[in-house]
Amino acid sequence: MPKLGMEPIRRASLIKATIAEIGHAGTLEVTVSRIAKRAGMSSALAHHYFGSKEALFLAAMRHVLTLYGAEVRGALAAADGPEARARAVIRASFSPANFRREVVAAWLNFYVLAQTRPEARRLLTVYQRRLLSNLSHALRPLLGGGAGPAAQGLAALIDGVYLHAALGAAAPDGAAAARQAEAYLTAMLERRA
């Protein structure tokens, strides 16, 4: 009989292994057996906890989104003023925890899965709405009615940088990505002034 309290530990281990395997393979074409092996357990146990590879991947993306959300909230809490809030969202999007090879690969595959799976689409929609809301809220005092389109442009740039990182051969460079997005923000604010 398993020890009490092992389920959360095993689930977390499987989620981390899922992200690592997708990052290694660059695709969702990984098996539950490979994920379980990386996590140090049997594929039967992985199926017991999650039921399917898709459910395991969705749990991994919920984990990624939870970590991202916590980082954004922390960055926003420390930001002083509207421009600093917008820059905080950008920097959190490209932080070392959020913009590393395996997480970038998971995002790319998440976008693909969202085209055919309603649960993945729902999670993606929640992420997109929160990103737009955070950016719009930060930009509204600076750009007034132009905050919405500016937020959409920044969100598209953030997602596009992830796409380029997923398809590129070089390791993701979060600092360079943040500078690129912040330069776009600066250009928008200067045009408005």
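Preceding this section is the structure that the text describes.
Computed from a predicted structure; not experimentally measured.

Calculation criteria
- Residues numbered from 1 in each chain as written.
- Predicted model: local features only at pLDDT ≥ 70, side-chain atom pairs only at ≥ 80, totals over all residues.
- Heavy atoms only, no water.
- Helix = DSSP H or I, 4+ residues; strand = E, 2+ residues; numbered from the N terminus.
- Buried < 20%, exposed > 50% of the residue type's maximum accessible area, 1.4 Å probe, protein only.
- Polar contact = N/O pair within 3.5 Å; in protein donor to acceptor, adjacent residues only side chain to side chain.
- Contact = heavy atoms within 4.5 Å.
- Axes fitted to C-alpha atoms, helices over the stretch in contact; angles between N-to-C directions.
- Parallel < 35°, antiparallel > 145°, perpendicular 65-115°, else oblique.
- Left-handed = near helix turned anticlockwise from the far one by under 90°.
- Nonpolar A, V, L, I, M, F, W, Y, C, P; charged D, E, K, R; others polar.

Caption draft 1: Fine view of the side chain of arginine 87. In this fold, arginine 87 is placed in helix α5 (residues 82–93). Judged by its relative accessible area of 14%, arginine 87 falls in the buried class. Within the structure, arginine 87 has its side chain in polar contact with the side chain of glutamate 83 (distance 2.8 Å). Within the structure, arginine 87 has its side chain in polar contact with the side chain of threonine 186 (distance 2.7 Å). Filtering out sequence-adjacent residues up to four positions away, arginine 87 remains in contact with Glu182, Leu185 and Thr186.

Caption draft 2: Structural view of the packing of helix α7 (residues 118–143) against helix α8 (residues 147–167). For the pair α7 and α8, the least separation of the axes is 8 Å and the interaxial angle reads 135°. With respect to their mutual orientation, α7 and α8 come out oblique. The interaxial crossing formed by α7 with α8 has right-handed handedness. Between α7 and α8, the residues in contact are Tyr127, Leu131, Leu132, Leu135, Ser136, Leu139, Arg140 and Leu143 and Ala147, Gly148, Ala150, Ala151, Gln152, Leu154, Ala155, Ile158 and Asp159, respectively. Taken together, the residues of the contact of α7 with α8 sort by class into twelve nonpolar, three polar and two charged.

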